[in-house]
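# Breakdown of the fold
The primary structure of each chain is shown beneath.
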Amino acid sequence: MAIRFYDEALVDKISSWILDQNMTILKPDEVNRLFQITTDKQNDRPLQLPLIAISRDREFRILNPNKTQLSTNGARLDIINDKGTQLNAIPIELSYQLDIYTRHYVEGDEYLRNFIFNLINYPSLMVKIPYNGEERLHRATINISDIISDNSDIPQRLFPGQFTRWTISLSIEDA
């Protein structure tokens, strides 16, 4: 599967919107060990906020689970003189969760505002996929959920007001 290429493209896009060089961004394969990784990187010093964690649902949806022209004969790419590259593909939908951890509510609200603005106005995602010895660019679209959650009351919180956590649900329906 090419899921990892979508993970990398999404992390790169979100990273490009962050100006703070000290901010930690955890990729989908790192989020399960959120506190362990962050502590290791900081030599057991306290967790540094703000922190962005991007996780991907363990399940994904096959958009057409039946045999199709695209899955069997593929799409012809770069047709020159009746020769071209054939791309065999099965479209899937990937679901992500973007968590914004900040020390203070106001700071988290500012990051949230910026992410929502960028995700709505710049949803295009360029994914580099190696295929048949070449690097193909695939344009995908990031869809943002219409519901944003303030789920600051999570078990990792030691006491009320310790930090704020905003969650944005995203999907890529044309992977």
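Scroll up to find the structure.
Residues numbered from 1 in each chain as written. Predicted model: local features only at pLDDT ≥ 70, side-chain atom pairs only at ≥ 80, totals over all residues. Heavy atoms only, no water.

Quick look at the pairing of strand S6 (residues 92–102) now. A large share of S6 lies buried, amounting to nine of its 11 residues. With two bridges connecting them, strand S3 (residues 61–62) and S6 associate as antiparallel partners. From the neighbouring strand, Ile 62 faces S6, where its bridge partner is Ile 92. (Buried < 20%, exposed > 50% of the residue type's maximum accessible area, 1.4 Å probe, protein only. Helix = DSSP H or I, 4+ residues; strand = E, 2+ residues; numbered from the N terminus. Pairing = 2+ DSSP bridges.)

The next point concerns the pattern of salt bridges. This model, assessed by the stated rule, comprises four salt bridges. The salt bridge partner of Arg 61 is Glu 93, with a shortest N-O separation of 2.5 Å. Here Glu 93 lies in strand S6 and Arg 61 lies in strand S3, a separation of 32 residues in the sequence. Glu 93 gets classed as buried once you look at its relative accessible area, which sits at 12%. The salt bridge involving Arg 113 is made with Glu 110; its shortest N-O contact spans 2.4 Å. Highlighted residues: Arg 113 and Glu 110, both in helix H4 (residues 105–121), separated by three residues, approximately one helical turn. (Salt bridge = Lys/Arg side-chain N within 4 Å of Asp/Glu carboxyl O.)

In a soluble, globular protein the nonpolar side chains are often hidden away together inside. Counting 31 residues, the largest nonpolar core has Tyr 6, Ile 52, Ile 100 and Phe 115 as the members making the most contacts within it. Counting residues per element, the ones that place at least two in this core are helix H1 (3–16), strand S2 (51–56), S6, H4, strand S7 (124–131), strand S8 (134–150) and strand S9 (164–172). When residues of this core are assigned to their parent elements, the largest contribution, seven residues, is made by H1. Residues contacting Tyr 6, with those up to four places away along its chain left out, are Leu 94, Tyr 96, Leu 125, Val 127, Ile 129, His 138, Ala 140, Ile 172, Asp 174 and Ala 175. Ranked by size, the runner-up nonpolar core spans five residues in total, among them Leu 26, Leu 51, Tyr 101 and Phe 163. (Core = buried A, V, L, I, M, F, W, Y, C linked by side-chain atoms within 4.5 Å. Contact = heavy atoms within 4.5 Å.)

Time to look at the side chain of Lys 13. Here Lys 13 lies in helix H1. Buried charge without a salt bridge: Lys 13, with Asp 12 as the nearest opposite-charge side chain at an N-O distance of 11 Å. Those residues within four positions of Lys 13 in sequence are excluded, and the remaining contacts are Tyr 122, Ser 124, Leu 125 and Ile 142. (Lys, Arg positive; Asp, Glu negative; His and termini not counted.)

Relative to S8, S7 runs antiparallel, the two being bridged by eight bridges. Across the sheet, the residue bridging to Leu 125 is Ala 140, located in S8. Two successive antiparallel strands, S7 and S8, enclose a turn made up of two residues, where Asn 132 displays a positive phi of approximately 50 degrees.

The topology assignment puts Ile 62 in strand S3. Judged by relative accessible area, which is 41%, Ile 62 ranks as partly exposed. Separated by 31 residues in the primary sequence, Ile 62 and Glu 93 place their C-alpha atoms 6.5 Å from one another. When near neighbours in sequence (up to four residues on either side) are disregarded, Ile 62 contacts Ile 90, Pro 91 and Ile 92.

Moving on, we get to the packing of aromatic side chains. For any pair of aromatic rings, the description rests on two quantities: the centre-to-centre distance and the angle between the ring planes. Under the definition given, this model contains three aromatic pairs. Between Tyr 105 and Trp 166, the ring centres sit 5.8 Å apart and the planes meet at 50 degrees, which makes this aromatic pair tilted. With a gap of 61 residues between them, Tyr 105 in helix H4 and Trp 166 in strand S9 connect regions that are remote in the sequence. Judged by centre distance (6.5 Å) and plane angle (65 degrees), the ring pair of Phe 117 and Tyr 122 falls under edge-to-face. When its relative accessible area of 46% is taken as the criterion, Tyr 122 is described as partly exposed. (Phe/Tyr/Trp six-rings, centres within 6.5 Å; stacked < 30°, edge-to-face > 60°.)

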